[in-house]
Amino acid sequence: MCGTSASADRLLVVHEARVAADELVERCLGLPVAKAMNLGTRAGFNRAVALLAARLRSATGRADADAAREAIAVLDVDWSRTTAAERRRLVAEAMSAAGRATAIVPARIEAPFNNAAQKVVDATRAEARRGQRLAIGAEFNALDQRVVAHVTRSQGNFVRDEYGRRIEGFGEEARRIVAAGLEEGLGRDDIAAGLERAARAALVDRAPFYWETVASSFISHGRSYAQMSSYAEAGIRQYRIEAVLDEQTTNICRYLHGKTFSVADALRRFDRIEQFEDPEAIKQAMPWVRESRAPETGRTRLYVDGGAGRTDLAEVARSALGTRDDRGDFRALASDSALNEVGIGFPPYHGLCRTTTLAVV
């Protein structure tokens, strides 16, 4: 959706240069320059995601590299001279070293997240006023402030948990590489090379796409919550799901496109989710929609796996994947009220989801 990490990094450099130039124009010439984030268009949303992802990579890249380097340094030993207990201890020490190096990540991403949250809510309110012509004020209301705090805190918790899983995964792979290397009679250098590849794969190489997914989810959640706030302030009772129907749109968003939900229900869901500190609890309350193949028909089936177990939502009767302006055909397996009950009330519905909502006036 947002291009390669290299292009995103270049975009960040260009953007920061433009911001600096705008500030000079305002300061020296006294001319107002618009810097608002635009989430009302596909291009604007994609650009916002790319910029936030680049900022997050810039804030965390050194820590990721340090974690891999320090873990590898601990594991650079002659494994043939170690006992099973020593091997377990060394892998545990490498995981601890990686954990210490990445412990600074939550603090480094808090400022970019908080800044982005402020801009997302501001842009969403602006779009509600100008694009949807809702009668709301320009200033943040109390719910908007809660949205900013929640998305900043909850996304930080998600990232913290992800780094923990990543280090655990590296530890499991390191134990496997050492055991396999010793069984095959590999020397120190060969085992070290395998461990280095594993460390980079777990701690460095996966980062670019990961931060794009994080940025997209962060902006999409913030936009949806802020839209609900704007709808409530304007007295709107219902909203409609609005997917981007182009070649990249998933079956999931095509199916949900056009469905309507209650603003009051959405606000109650936010009130509940806001209380959660555990990322897993949030995932259970707002599960992403997944796809599987129905064995009896061979057709694609859309489902969620939340706190109540698996719930089948729909079956794809005719897929419109790869086309524009075509929703496709679906056989519903759950009512719209059931969709709301399992947490499918507003986007995002999957990684890199671009779907938004519109007020039903």
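Residues numbered from 1 in each chain as written. Predicted model: local features only at pLDDT ≥ 70, side-chain atom pairs only at ≥ 80, totals over all residues. Heavy atoms only, no water.

Let us now look at the side chain of Asp144. Mapped onto the elements, Asp144 comes out in helix α5 (residues 142-184). Not counting chain neighbours up to four residues away, the residues in contact with Asp144 comprise Val121, Arg125, Glu139, Ala226 and Ser229. (Helix = DSSP H or I, 4+ residues; strand = E, 2+ residues; numbered from the N terminus. Contact = heavy atoms within 4.5 Å.)

The full count for this structure, using the stated rule, is seven aromatic pairs. Ring centres of Tyr231 and Tyr239 lie 6.2 Å apart, and the angle between their planes is 25°; this geometry places the pair in the stacked category. With respect to class, Tyr231 is no different from Tyr239; both count as buried. Through successive ring pairs, a cluster of aromatic residues spans Tyr225, Phe270 and Phe346. Sitting over the ring of Tyr303, Arg310 keeps its end group 3.8 Å from the ring centre. (Phe/Tyr/Trp six-rings, centres within 6.5 Å; stacked < 30°, edge-to-face > 60°. Buried < 20%, exposed > 50% of the residue type's maximum accessible area, 1.4 Å probe, protein only. Lys NZ or Arg CZ within 6 Å of the ring centre and 35° of its normal.)

Counting all residues, the mean pLDDT for the protein is 90, and 90% of those residues have values of 70 or more. Throughout residues 1-5 the model reports pLDDT below 50, and contacts reaching past four residues in sequence, or to other chains, amount to 17 contacts. Scored below 50 in pLDDT, residues 29-34 makes eight contacts in the model with residues more than four places away or belonging to other chains. (pLDDT = per-residue confidence, 0-100.)

This part covers the sheet that holds strand β6 (residues 329-332). With antiparallel pairing, the four strands of this open sheet are ordered in space as β3-β4-β5-β6. Strands at the two margins of the open sheet, each flanked by one partner only, are β3 (290-293) and β6. Across the sheet, the axes of successive neighbouring strands diverge by a mean angle of 35°, strand direction being ignored. Where strand β5 (residues 309-318) meets β6, four bridges bridge the pair, whose relative direction is antiparallel. Within the sheet, the bridge partner assigned to Ala314 lies in β6 and is Ala332. (Pairing = 2+ DSSP bridges. Axes fitted to C-alpha atoms, helices over the stretch in contact; angles between N-to-C directions.)

Turning to the environment of Leu134, a few remarks are in order. As for its placement among the helices and strands, Leu134 is situated in the loop between α4 (105-130) and α5. A residue is classified by how much of its surface remains accessible, and Leu134, at 8% relative accessible area, is buried. When the C-alpha atoms of Leu134 and Ser230 are compared, they prove to be 7.9 Å apart, with 96 residues separating the residues in sequence. Beyond its immediate chain neighbours, meaning those up to four positions away, Leu134 contacts Ala128, Arg129, Ser230, Tyr231, Ala234, Ile236, Ala359 and Val361.

Remark: helix α7 (residues 207-233) packs on helix α9 (residues 263-273), axes separated minimally by 10 Å, with the N-to-C direction vectors making an angle of 130°. It follows from the interaxial angle that α7 and α9 lie oblique. As for the relative orientation of α7 and α9, their crossing is left-handed in sense. From α7, Tyr225, Met228, Tyr231 and Ala232 reach across to α9, where they touch Val263, Ala266, Leu267, Phe270 and Ile273. Of the residues in the contact of α7 with α9, the class split is nine nonpolar, no polar and no charged. (Parallel < 35°, antiparallel > 145°, perpendicular 65-115°, else oblique. Left-handed = near helix turned anticlockwise from the far one by under 90°. Nonpolar A, V, L, I, M, F, W, Y, C, P; charged D, E, K, R; others polar.)

Applying the stated criterion across every chain, the model contains one cavity of 30 Å³ or more. Reported here for the largest cavity is a volume of approximately 30 Å³. As for the largest cavity, its lining consists of His221, Met286, Pro287, Trp288, Gly343, Ile344, Phe346, Pro348 and Tyr349. (1 Å grid on protein atoms, 1.4 Å probe; cavity = no way out; pocket = protein on both sides within 12 Å on 5 of 7 lines; lining within 4 Å. Points joined across faces, edges and corners; volume = space filled by probe spheres on them.)

Another point: the nonpolar core. Val159, Trp211, Ile219, Tyr239 and Tyr349 are the most contacted members of the largest nonpolar core, which totals 68 residues. No other element matches α7, which puts 11 residues into this core. Those residues in contact with Trp211 that sit more than four places away from it in its chain are Ala53, Leu56, Arg57, Thr60, Asp64, Ile109, Val159 and Tyr163. Judged by nonpolar contacts, the second largest core, of 24 residues, contains Val91, Ile167, Ile177 and Leu203. (Core = buried A, V, L, I, M, F, W, Y, C linked by side-chain atoms within 4.5 Å.)

This part takes up the pairing of strand β4 (residues 300-306). For β4, the buried fraction is high: six of the seven residues fall into the buried class. As judged from the four bridges shared by β3 and β4, these two strands associate in the antiparallel manner. When the bridges of β4 are listed, Arg293 appears paired with Thr300. Across six bridges, the pairing between β4 and β5 is antiparallel.

Quick look at the environment of Gln227 now. Its place among the elements puts Gln227 in helix α7. Taking C-alpha positions, Gln227 is 9.4 Å from Asp144, a pair spaced 83 residues apart along the chain.

Take the layout of surface pockets next. Empty space within the largest pocket amounts to approximately 640 Å³. Surrounding the largest pocket, 24 residues form its lining, Phe158, Ser217, His221, Lys283 and Trp288 being those nearest its centre. Per-class residue counts for the lining of the largest pocket are 10 nonpolar, seven polar and seven charged.

The omega torsion across Pro347 and Pro348 is 5°, close enough to zero to call that bond cis. For Pro348, the location among the structural elements is in the loop between α11 (336-341) and β7 (356-360). Located in the positive-phi region is Arg133, a residue other than glycine, with phi close to 55°. With respect to the helices and strands, Arg133 occurs in the loop between α4 and α5. One non-glycine residue, Leu352, lies in positive phi territory at about 60°. Structurally, the position occupied by Leu352 is in the loop between α11 and β7.

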